[in-house]
Amino acid sequence: MPISWNVALVDQLDWHWTRFVRPRLEGLTDEEYLWEPVPACWSIRRRGEATGPALAGAGDTVLDDQDPEPSPPPLTTIAWRLAHISIGVFGERAVNHFQAEGRTTLEPSDVDWPITAAAGLAMLDHWYDAWIGGVRALGEDGLERPCGPAEGPYAEDPLALLVLHISREAIHHGAEVLLLRDLWAHSRSAAGSVTGPSW
């Protein structure tokens, strides 16, 4: 029986994202979104309050950043991690390969980073939809198309390999965010301020 690899690749991420990751982000509060479980976390901050070694952002808020990344890398807040998934995983690739929003480039320095949970989730949903919609539109032949110069040393690789990579990234980083939500809920429960997770 023939298999549609386009359908299979879309379903792999979309099933996991829409049934597992995204529903567990409902109820995210601003306090939780910006919670720093240890000192010196990377996060999203008001420009006037940011002290990181490198900052990226087009507006009044910035994303802590550094290139190359320090070793070991800092722990990141839910806000930072959702920003990374939104732009670094979905957004840049949706623009590079599908010209989402009619753009030809998208860099961290172009973004007005959301400082609230609601705005952060809206950005995540927007760029997820742009990525998954672009992958759906590829069809079978489009998966064989070379990635092109946007992917540097992987320019000659087929887009199918990039789709697999983005799925791994989304699943991996989504799990990190959900673990931070668990830590937040249980730390508050131990302190007597909540009775457990809100989802």
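Refer to the structure above for everything that follows.
Computed from a predicted model, the values in this text were never measured in an experiment.

Peer 1: Whenever I open this one, the nonpolar core confuses me. Can you help?
Peer 2: Across soluble globular proteins, you tend to see nonpolar side chains buried next to one another. Formed by 49 residues in total, the largest nonpolar core has its most connected members in Trp17, Leu82, Phe90, Trp127 and Trp131. For this core, the elements supplying multiple residues, two or more each, are helix H1 (5-21), helix H3 (78-98), helix H4 (117-144) and helix H5 (159-190). Other than its neighbours up to four places away in sequence, phenylalanine 90 contacts Leu13, Trp17, Ile85, Leu124, Trp127, Tyr128, Trp131, Ile166 and Ala170.

Peer 1: What is the right way to read the pairing of strand S3 (residues 61-65) from this model?
Peer 2: In regular strands, side chains alternate between the two faces of the sheet. The buried fraction of S3 is high, at four of five residues. Pairing analysis gives three bridges linking strand S1 (residues 44-46) to S3, with the strands arranged antiparallel. Residue pairing across strands places isoleucine 44 opposite leucine 63, the latter belonging to S3. Where strand S2 (residues 54-56) meets S3, three bridges bridge the pair, whose relative direction is antiparallel.

Peer 1: Explain the side chain of threonine 76 to me, please; I cannot follow it from the model alone.
Peer 2: Within the fold, threonine 76 resides in the loop between S3 and H3. With a relative accessible area of 6%, threonine 76 lands in the buried category. Beyond its immediate chain neighbours, meaning those up to four positions away, threonine 76 contacts Trp42, Arg81 and Leu180.

Peer 1: I tried to follow H1 on my own but got confused; where do I start?
Peer 2: Given 3.6 residues per helical turn, the α-helix brings residues three or four places apart onto the same face. Helix length check: H1 (17 residues) gives 23 Å between terminal C-alpha atoms against 24 Å at 1.5 Å per residue, within 8%. For H1, the full list of buried residues reads Asn6, Leu9, Val10, Leu13, Asp14, His16, Trp17 and Val21.

Peer 1: What's the story with the layout of surface pockets in this structure? I'm lost.
Peer 2: Any space left empty among the atoms is revealed by the rolling of a water-sized probe across them. Approximately 500 Å³ is the volume found for the largest pocket. Lining the largest pocket are 22 residues, with Asp65, Glu69, Trp80, His84 and Gly88 sitting closest to its centre. Mapped onto the lining of the largest pocket, the elements with two or more residues apiece are S3, H3 and H5. For the lining of the largest pocket, the leading source of residues is H3, giving seven residues.

Peer 1: Would you take a moment to explain the pattern of salt bridges for this structure?
Peer 2: Any two side chains of opposite charge can pair, given that their charged atoms come close. Counted according to the given criterion, the structure contains 10 salt bridges. Between glutamate 151 and arginine 93 there is a salt bridge; the shortest N-O distance is 3.1 Å. Here glutamate 151, found in the loop between H4 and H5, pairs with arginine 93, found in helix H3; they are 58 residues apart in sequence, far enough to count as distant. Per residue, the accessibility class of glutamate 151 equals that of arginine 93, and both read buried. Close ionic contact of arginine 103 with aspartate 110 constitutes a salt bridge, the shortest N to O distance being 3.6 Å. Arginine 103 gets classed as partly exposed once you look at its relative accessible area, which sits at 27%.

Peer 1: Hey, could you run me through H3 in this one?
Peer 2: Most pronounced at glycine 91, the bend in H3 amounts to some 35°. Of all 21 residues that make up H3, 17 are buried, and the element is covered over most of its length. Just downstream of H3 lies glutamine 99, where phi reads positive at about 50°.

Peer 1: Even after reading the chapter, I still don't get the packing of H3 against H4, so can you show me in this structure?
Peer 2: A pair of packed helices can be characterised by two numbers: the angle between their axes and the separation between those axes. Two elements in contact, H3 and H4, have axes separated by 9 Å at closest approach and are oriented at 35°. Here H3 and H4 pass one another in a crossing that is left-handed. Counted together, Leu82, Ala83, Ile85, Ser86, Ile87, Phe90, Gly91, Arg93, Ala94, Val95 and Phe98 of H3 and Gly120, Leu121, Met123, Leu124, Trp127, Tyr128, Ala130, Trp131, Gly134, Val135 and Leu138 of H4 form the full contact between these two elements. Split by residue class, the contact of H3 with H4 holds 17 nonpolar, four polar and one charged.

Procedures and definitions
In every chain, residue numbers begin from 1 and rise along the written sequence. Given that the model is predicted, a residue must reach a pLDDT of at least 70 before its local features are reported, and side-chain atom pairs must reach 80 or more before they are shown or counted; all residues, however, enter totals for whole chains, interfaces and linings. Water and hydrogen atoms were dropped before computing side-chain values, which therefore reflect all heavy atoms in the structure. Definition used in this section: a nonpolar core is a set of buried Ala, Val, Leu, Ile, Met, Phe, Trp, Tyr and Cys residues joined via side-chain atoms within 4.5 Å. The buried label applies to any residue whose accessible area, calculated with a 1.4 Å probe on protein chains only, is under 20% of its type's maximum; exposed applies above 50%, and partly exposed to all values in between. Only DSSP runs of H or I with at least four residues qualify as helices, and only runs of E with at least two residues qualify as strands; both kinds are numbered from the N terminus onward. A contact between two residues is defined here by any heavy atoms of the two lying within 4.5 Å. Strand pairing requires that DSSP identify at least two bridges connecting the strands. Here the expected length of a helix is defined as 1.5 Å per residue gap, with one fewer gap than residues. Throughout, the protein atoms alone are placed on a 1 Å grid, and a set of points is a cavity if a 1.4 Å probe fits but cannot get out or a pocket if it is open with protein on both sides within 12 Å along at least five of seven lines; lining residues have an atom within 4 Å of a point. Grid points are joined across faces, edges and corners, and a volume is the space filled by probe spheres set on the points. Salt bridge, as applied in this entry: a Lys or Arg side-chain nitrogen positioned within 4 Å of an Asp or Glu carboxyl oxygen. Note on bend: at a given residue it equals the angle between the axes fitted to the 7 residues ending there and to the 7 starting there. Between N-to-C directions, angles cover 0 to 180 degrees, with each direction set by a line fitted to C-alpha atoms, over the stretch in contact for helices. Crossing handedness is read from the near helix: turned anticlockwise from the far helix by less than a right angle, it gives a left-handed crossing, and turned clockwise, a right-handed one. In this classification, the charged set is Asp, Glu, Lys and Arg, the nonpolar set is Ala, Val, Leu, Ile, Met, Phe, Trp, Tyr, Cys and Pro, and all remaining amino acids, among them Gly, are polar.

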